[in-house]
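# Architecture and fold: a report
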There are 4 protein chains.
Amino acid sequence: MERIGYLGPAGTFSEVALRSRPESRSASAEPYGSVDAALGALREGQIDGAVVPIENSIEGGVPATLDSLAVGEPLRVVGEMVIPVTFVLAARPGTALGDIEAVSTHPHGWAQVRRFVAQRLPGARFIPSTSTAAAAVDLARGADTWHAATAYQGAVCHEMVARDHGLEILASDIGDNKAAVTRFVLVARPGSIPAPTGADKTSVVLFQKLDHPGGLMGLLEQFAVRGINLTRLESRPTGESLGQYCFSVDLEGHLHDARVAEALMGLHRVCAEVRFLGSYPTANGRSPAVGPAHDRPAYDEAQAWLRGLNG
Amino acid sequence: MERIGYLGPAGTFSEVALRSRPESRSASAEPYGSVDAALGALREGQIDGAVVPIENSIEGGVPATLDSLAVGEPLRVVGEMVIPVTFVLAARPGTALGDIEAVSTHPHGWAQVRRFVAQRLPGARFIPSTSTAAAAVDLARGADTWHAATAYQGAVCHEMVARDHGLEILASDIGDNKAAVTRFVLVARPGSIPAPTGADKTSVVLFQKLDHPGGLMGLLEQFAVRGINLTRLESRPTGESLGQYCFSVDLEGHLHDARVAEALMGLHRVCAEVRFLGSYPTANGRSPAVGPAHDRPAYDEAQAWLRGLNG
Amino acid sequence: MERIGYLGPAGTFSEVALRSRPESRSASAEPYGSVDAALGALREGQIDGAVVPIENSIEGGVPATLDSLAVGEPLRVVGEMVIPVTFVLAARPGTALGDIEAVSTHPHGWAQVRRFVAQRLPGARFIPSTSTAAAAVDLARGADTWHAATAYQGAVCHEMVARDHGLEILASDIGDNKAAVTRFVLVARPGSIPAPTGADKTSVVLFQKLDHPGGLMGLLEQFAVRGINLTRLESRPTGESLGQYCFSVDLEGHLHDARVAEALMGLHRVCAEVRFLGSYPTANGRSPAVGPAHDRPAYDEAQAWLRGLNG
Amino acid sequence: MERIGYLGPAGTFSEVALRSRPESRSASAEPYGSVDAALGALREGQIDGAVVPIENSIEGGVPATLDSLAVGEPLRVVGEMVIPVTFVLAARPGTALGDIEAVSTHPHGWAQVRRFVAQRLPGARFIPSTSTAAAAVDLARGADTWHAATAYQGAVCHEMVARDHGLEILASDIGDNKAAVTRFVLVARPGSIPAPTGADKTSVVLFQKLDHPGGLMGLLEQFAVRGINLTRLESRPTGESLGQYCFSVDLEGHLHDARVAEALMGLHRVCAEVRFLGSYPTANGRSPAVGPAHDRPAYDEAQAWLRGLNG
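Residues numbered from 1 in each chain as written. Chains lettered and ligands numbered in written order. Predicted model: local features only at pLDDT ≥ 70, side-chain atom pairs only at ≥ 80, totals over all residues. Heavy atoms only, no water.

### Describing the overall build of chain A
Scanning chain A for helices and strands turns up 10 helices and 15 strands. Principal-axis analysis of the C-alpha atoms places the extent of chain A at approximately 85 × 45 × 35 Å. Looking at chain A as a whole, 58% of its 311 residues are labelled buried. In chain A, of all internal contacts separated by at least 6 residues, the share reaching a separation of at least 24 is 76%. Here chain A contributes 27 positive and 34 negative side-chain charges, whose respective centroids are spaced 2 Å apart. (Helix = DSSP H or I, 4+ residues; strand = E, 2+ residues; numbered from the N terminus. Buried < 20%, exposed > 50% of the residue type's maximum accessible area, 1.4 Å probe, protein only. Contact = heavy atoms within 4.5 Å. Lys, Arg positive; Asp, Glu negative; His and termini not counted. Charge placed at Lys NZ, Arg CZ, Asp CG, Glu CD.)

### Examining the interface of chain A and chain B
Across the boundary between the two partners, chain A contributes 29 residues, which contact 29 residues of chain B. Here chain A meets chain B over a buried area of about 2,700 Å², counting both sides, of which 64% is carbon and sulfur. When the buried area of chain A at its contact with chain B is split by residue, V225, R269 and W305 of chain A rank highest and sum to 25% of it. Joining chain A to chain B, the criterion identifies 4 salt bridges. R269 of chain A is paired through a salt bridge with E262 of chain B; the nearest N and O atoms lie 3.8 Å apart. Joining chain A to chain B, the criterion identifies 14 residue pairs in polar contact (both at pLDDT 80 or more). Counting only elements with at least two residues in the side of chain A that touches chain B, the list comes to α8 (215–224), α9 (258–270), β15 (271–281) and α10 (296–309) of chain A. Top contributing element to the side of chain A that touches chain B by residue count: α10 of chain A, with 8 residues. The class makeup of the residues in the side of chain A that touches chain B is 16 nonpolar, 6 polar and 7 charged. (Buried area = accessible area lost by both parts, 1.4 Å probe. Salt bridge = Lys/Arg side-chain N within 4 Å of Asp/Glu carboxyl O. Polar contact = N/O pair within 3.5 Å; in protein donor to acceptor, adjacent residues only side chain to side chain. Nonpolar A, V, L, I, M, F, W, Y, C, P; charged D, E, K, R; others polar.)

### So, the sheet that holds strand β13 (residues 230–237) of chain C
All names here are of chain C. Read across the open sheet, the 4 strands follow the order β13-β14-β12-β15; overall the sheet is antiparallel. Every interior strand has two partners, whereas the edge strands, β13 and β15 (271–281), have only one. Pairs of neighbouring strands in the sheet enclose a mean axial angle of 15°, with direction left out of account. As paired elements, β13 and strand β14 (residues 245–252) share 7 bridges and run antiparallel to each other. Within β14, the position partnered with E234 by the bridge is S248. (Pairing = 2+ DSSP bridges. Axes fitted to C-alpha atoms, helices over the stretch in contact; angles between N-to-C directions.)

### Overview of the relation of the copies chain A and chain B
The operation relating the two chain copies consists of a rotation about an axis and a shift along that axis. Laying chain A over chain B is done by rotating through 180° and shifting 0.1 Å along the axis; what remains is an RMSD of 0.1 Å. Taken together, the rotation and translation describe the operation of a two-fold axis. (Least-squares fit on C-alpha atoms with pLDDT ≥ 70 in both.)

### Quick look at the relation of the copies chain B and chain C
Each copy superposes on the other: chain B lies on chain C with an RMSD of 0.1 Å after a rotation of 180° and an axial shift of 0.1 Å. Interface overlap between copies: 100% of the residues of chain B at the interface are likewise at the interface in chain C, consistent with a symmetric, same-surface contact.

### Quick notes on the packing of aromatic side chains
All names here are of chain A. In the structure shown here, the tally under the stated rule is 8 aromatic pairs over all chains. Between the aromatic rings of W110 and F126, the centroid separation amounts to 4.7 Å while the plane-to-plane angle is 10°, which identifies the pairing as stacked. Remark: F126 occurs in strand β8 (residues 125–128) and W110 occurs in helix α4 (residues 107–111); sequence separation between them is 16 residues. F126 carries the same exposure label as W110, and that label is buried. (Phe/Tyr/Trp six-rings, centres within 6.5 Å; stacked < 30°, edge-to-face > 60°.)

### Details of the interface of chain B and chain C
Contacts between the two partners involve 46 residues from chain B and, on the opposite side, 47 residues from chain C. Of the roughly 3,600 Å² buried at the junction of chain B and chain C (both faces included), carbon and sulfur atoms supply 59%. Run the count over chain B and chain C and you get 2 salt bridges. Between the two partners, chain B and chain C, sit 8 residue pairs in polar contact (both at pLDDT 80 or more).

### Some details on the confidence of the model for chain A
Residues and elements named next belong to chain A. Averaged over all residues, the pLDDT of chain A equals 90, while 95% of them reach at least 70. Here residues 143–149 is a poorly scored stretch, pLDDT under 50, and it has 23 contacts once near neighbours within four places are set aside; other chains count. Reported confidences for the modelled complex are a pTM of 0.89 and an ipTM of 0.87. (pLDDT = per-residue confidence, 0-100.)

### So, the packing of helix α9 (residues 258–270) of chain C against helix α10 (residues 296–309) of chain D
With their axes 9 Å apart at the nearest point, α9 of chain C and α10 of chain D run at an angle of 125° to one another. Taken as axis vectors, α9 of chain C and α10 of chain D run oblique relative to one another. Note that α9 of chain C runs across α10 of chain D; the crossing there is right-handed. When α9 of chain C is examined against α10 of chain D, the residues A261, L264, M265, H268 and R269 of chain C are found in contact with a partner set consisting of A298, Y299, E301, A302, Q303, W305 and L306 of chain D. Residue composition of the contact of α9 of chain C with α10 of chain D, by class: 8 nonpolar, 2 polar and 2 charged. (Parallel < 35°, antiparallel > 145°, perpendicular 65-115°, else oblique. Left-handed = near helix turned anticlockwise from the far one by under 90°.)

### Some remarks on the sheet that holds strand β14 (residues 245–252) of chain D
All names here are of chain D. With respect to topology, 4 strands assemble into an open sheet ordered β13-β14-β12-β15, the strand pairing being antiparallel. The open sheet has two edge strands with one neighbour each: β13 (230–237) and β15 (271–281). Ignoring which end each strand starts from, the neighbouring axes of this sheet average 15° apart. Across the sheet, helix α3 (residues 63–70) lies against β12 (200–208), β13, β14 and β15, angled at about 80° from β13, the strand it touches most.

### With respect to the pattern of salt bridges
Following the criterion strictly, the structure yields 72 salt bridges over all chains and no others. In this structure, D48 of chain B engages R189 of chain B in a salt bridge whose closest nitrogen and oxygen atoms are separated by 3.7 Å. Taken as a pair, D48 of chain B in the loop between α2 (35–43) and β3 (49–56) and R189 of chain B in the loop between β11 (181–188) and β12 (200–208) lie far apart in primary sequence, 141 residues in all. Relative accessible area serves as the criterion here: at 24%, D48 of chain B is assigned to the partly exposed category. Of the charged contacts in the structure, one is a salt bridge between E159 of chain B and R163 of chain B, with a shortest N-O distance of 2.5 Å. Of this pair, E159 of chain B and R163 of chain B are both found in helix α7 (residues 159–164), 4 residues apart, which corresponds to roughly one turn of the helix. Looking at E159 of chain B, the relative accessible area reads 32%, which means it is partly exposed. What you see here is one network of salt bridges that share partners, running through E55, E80, R183, K201, R232, E234 and D250 of chain A.

Pasting the structure below:
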């Protein structure tokens, strides 16, 4: 990859995630204003990869990413990165905690520092921004043009972006949940699938044929009979009407694992559509516990046994 | 097949079933005294096929057949025949209904004429025989050597055997259930599987890995996710201890159907043993209703789709 | 109970089972010629209880008992007895092993001594009897009136009946499976249910509403969601046509256990008919392992919680 | 209810939803700056009810509402309202389409007018606001104090708020999906549950005991065996770590329906926690299709049958 986009501006957690990839060393990193913009540029060939957030341990799935991957020109997840989310409260030099009447950050960031705000900044107004980094950047440069409605004196952001833009850090590690992490994915255009490592994940989106009772159970059974564990299952509206959902699913295993291939074919048969989003190494490198009935030798033996029956 | 055995003696419903097969025209028909004897002779190569009863609409599965097929040297079911079971009450010429104090027949036959006996022969004793035909044959020839304990004056048997041995028919069609049928199978040694006809059945015996709660559900799910309908499911003790069962199963479809092959491989993976008893045309010629998610095109499309994902 | 019937004649395993019950001490024991006869007498009030075999570790369910309990005037199982099945080969005094050309016993008994017969009595003919005891009794008294077809020189029976009738024991413990047992039930007319002991079993017969694919799974789910373990499940034909089955089921627990009561009500709703055959102490006295989600406190807490919601 | 809060400011779809309720006629309507603030005020007794968005046919569940209901002091949903979501592009009088370089609205609103923006305002920057109404209000009053970073000339909002604040409507009905609706709930403190109407919904949050494979299936089975249809199922992170989810569920039926009560008790037994969010009339007034095995008479008959068994 020569050019890799990310959810910008510079200093976002997306950039941190991108910098953690070996691919970033030899590629130019290009910020985009939204997930849609980054994935759109990827689809059009302006960039070769894109790093976007897909799931947060506090806020859950990132709708913009899930929905953009679920429709339109197919894309493929080729890697995942799990980044600890630590926030600082940043301000222009000389600002004291008592001076802060309003704080800007991304709504997800705001949701993760509620306790700190309640204790240390009770009464502070919230000014939403498109990213945590944007709040910091705007604070650093826009100081003298504030207007009443959107003026703010503090930004909740990553430490790196605060330092890069000359802001002062009034409080560190202010997240309510110290273990909070965000999961990012590196997305590419369809091509060869990353080779199995033994510790892989596969992502798919499942569109049901009919919205009938028990429909979801029918899908889950396709995984269960092959002993496949799901690490994420989210329903997302298809946009047609209330109650019409598709399911965004991460499962343990690689498309080249026999049990995963068979499950995906089974889902292909019973679903209106199965959208394959990719098989890729897990960030934690942990191999799934696959029961002896579902591992490769079990599949190979079953196939050999079947061939034997045919004489 | 040059020589085909059947559960004898001559005149049993098994012989009727054998005579209904085209194979019987050019083969010699050889009676055996028990299912075990017939299948044993088949295993040892003394005969090329054997016709034995496997299921009765009144009495259920025939344990001797189910158990003999489930263990030992493998055999294959290559055809099934469903024969209406009609009984007559036969006696030596000159016997009146009022003369009959005891009646002999196979216990299954006795169970199927209870109502007739209760109404017309109240108080008659039951003398079990090894087959309905044996009761008739013994009655015809053994008359003058009866002893107190086993003497009988009437036999419940098939009309054909009564006539063949010079017995008189005192009452016809005396079965409690006029729709009663028995299902027979033509068994052979393993070899090529009969080609799919579109209206086929497959028989297997499933031995569970562990006797854990929900174990049977786990097996049934393997069928359910592939849309396979079962026409018979019977538990049979494995003989090890009370509560240790295997399952004898008939299902709609042929080993060469993709959904059946996949289900059998799935069962092979989760079972201690899957014993394949054969795929063969159904007696009634009815094709199963296979949902669009489970037919051959669905399987082919799923496979093509999967190949496409790999680029 | 003043009068208790059993599957006779005297000396059967049924009598052994009856003698093992405390109820037998103060009651008269009355032999019946068949399971149907014993249960019929019970239904008509001629006796107060009946002991009949219901399941054998080698042969499986006893159809006559299962079917007689499943239809007609309701009866209730109030106890179970598990009796080791040990067989002897008995003959009239003076008979040597080499003199034996034919052997009589109940077909179930015959099935359990196959290996002994194959090794020590190859070529011996089988003469079926209505019970193992009847074979011994007839052998003891009927000696001088044998006729060609049913003459036999050996009987396979319980040691007790052989001794009682003056037969000699040519070989002991001749069963193929030394661990073979038969399970008997003590049956009564409906009345009060035996109090829960903590180690109880419940027996029911389930008739499905429709013979639809997945029908059995729907029934099993009713047990599974309440954490109920099944110890026996047998399909029995309803007699209407091939493939129409009801299910005879034993489960761990007592009707007065909340999880069992709820499961039975659930089955009553989804089945065409649920026939309750009784709750009674298990023969082995072992309490079932009930998960914390399904025991009495869990049910009580759930009910209290629900009441709280309304309050 | 004397005082009912809503997600403000005045002019939001939440206010439209509140105005559609009969309760609003005799109550004062009080805007709150966030869902958290409104539900917090309700919990503290400052208001008697609150109207907040819970689900959007395009964007899916509203995390702030789902999460606030799922934890903390219990609240109860007592009603739902489904409101068509129609957007206008509003601007200060005299502004032409060509003058618009940046547009502000709530991120959900922005997501729903992508196609309009792409066609008519390509290149327009997005300035997020806390609600669609806030974007309009700020545009109307904050005009002369804009600074570079947050200045905008257009707002995407409901027609009503644009008119109320003297803005001009440059384009109407600009949503990508003309059938888009948002579902709002009226929330109260726990008290008496609205009486069943025959067309009711129940909302719960399910916390699993263990994150084991098949865990979700175990929960869905509790609904399936009672024939209960789900209209919404969303996983939400519990915040502990990636992959730890609870499930927010809407189901057809009322707590006072026997099948719902039994299902909730079943879930209470198998879950770590079941949070009951309320039973309330559905907005569309449609009664669910309840199978004959799961309706009130079926439950009553099952209970009567069980009582009968006990003699």
